[in-house]
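Examination of the molecular architecture
Spelled out, the chains give:
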Amino acid sequence: MTEPPRPPGAGDGYPPDPTAPQGSPYDPPTAPLSGAPGAGGYPPPGGYPPPTGDQPPAGGYPPPGGYPPPGGGYPTGGAYGAPSGGYANSEDKTWALVAHFGGAAGALISFGPLGFVAPLIAYLVRGQQSPAVRAQALAALNFQILWSIIAFVLLFVSWCLLFLPSIAVVVIQILFGIIAGMKANEGQAYRYPMSTSFIK
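Scoring rules and cut-offs
Residues numbered from 1 in each chain as written. Predicted model: local features only at pLDDT ≥ 70, side-chain atom pairs only at ≥ 80, totals over all residues. Heavy atoms only, no water. Patch = residues over 30% accessible without salt bridge, like charges linked within 9 Å, V, L, I, M, F, W, Y side chains within 5 Å. Areas by Shrake-Rupley, 256 points an atom, 1.4 Å probe, with all protein chains shown as cover. Salt bridge = Lys/Arg side-chain N within 4 Å of Asp/Glu carboxyl O. Helix = DSSP H or I, 4+ residues; strand = E, 2+ residues; numbered from the N terminus. Buried < 20%, exposed > 50% of the residue type's maximum accessible area, 1.4 Å probe, protein only. Core = buried A, V, L, I, M, F, W, Y, C linked by side-chain atoms within 4.5 Å. Contact = heavy atoms within 4.5 Å. Phe/Tyr/Trp six-rings, centres within 6.5 Å; stacked < 30°, edge-to-face > 60°.

Before going further, it helps to examine a nonpolar patch on the surface. Among the surface-exposed residues, Ile149, Phe152, Val153, Phe156, Val157, Trp159 and Phe198 lie close enough to one another that they form a single nonpolar patch of about 760 Å² accessible area. Turning to its location among the elements, valine 153 is positioned in helix H3 (residues 131-157). Judged by relative accessible area, which is 44%, valine 153 ranks as partly exposed.

Rendered as structure tokens:
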């Protein structure tokens, strides 16, 4: 009867002899004891470097898990800030809205010629104190002056044309006055189309 084939790489002494003394070349390698530096340089358990006797940092060790230290979170301060859109306060925003919506309302009430009144009032009352109001009021004032003149002239010319040109002019004044007021409410400067710079 023949001997069964041996596994590859198996030399003499396979399987290990149970009567062999301890420390034979067939003993499996063992890991070093916990906390003791081994031949392979195993770190101590826990994954932290061994203590060196130094003092902890001034701020203390960071908490485990990589989270920021307590006390962070949302920035402190009031929940409400300054009005958006470059206005210094709510009064400036109000006067900017008066300039635009007031121009539209004046044009509607007077059928055109008095659309410039509200922007002029906003410019005179608040324009010297606030650059934002001054810019908004000037834009509305220049637009409404031009179209108020056109409306005034057409009011006399259009008697024989059943007021159609005057109605178109008033609609233009009202429409663009409302658009500019909505932009001012969002804090944006609106550039009136078909306008000119009577006042600088």
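Among the nonpolar cores identified, the biggest contains 16 residues, and Ala99, Ala122, Ala137, Phe143, Phe176, Tyr190 and Tyr192 are the most heavily contacted of them. Elements with a contribution of two residues or more to this core: helix H1 (90-110), helix H2 (117-126), H3 and helix H4 (164-185). A total of seven residues in this core trace back to one element, the largest contributor, which is H3. Ignoring any residue separated from it by four or fewer positions in sequence, one finds tyrosine 192 in contact with His100, Ala139, Ala140, Phe143, Phe176, Gly177 and Ala180.

It is worth spelling out the packing of aromatic side chains at this point. One pair of aromatic rings is described through two measures. These are the centre distance and the angle between the planes. Considering all chains together, one arrives at four aromatic pairs under this definition. Between the aromatic rings of phenylalanine 143 and tyrosine 192, the centroid separation amounts to 4.3 Å while the plane-to-plane angle is 15 degrees, which identifies the pairing as stacked. Note that phenylalanine 143 is positioned in helix H3 and tyrosine 192 in the segment after H4, a separation of 49 residues in sequence. Judged by its relative accessible area of 7%, tyrosine 192 is buried. A centroid spacing of 5.4 Å and a plane angle of 80 degrees characterise the contact between tyrosine 190 and tyrosine 192, whose relative ring orientation is edge-to-face. Taken together through their ring pairs, the aromatic side chains of Phe143, Trp147, Phe176, Tyr190 and Tyr192 make up a single cluster.

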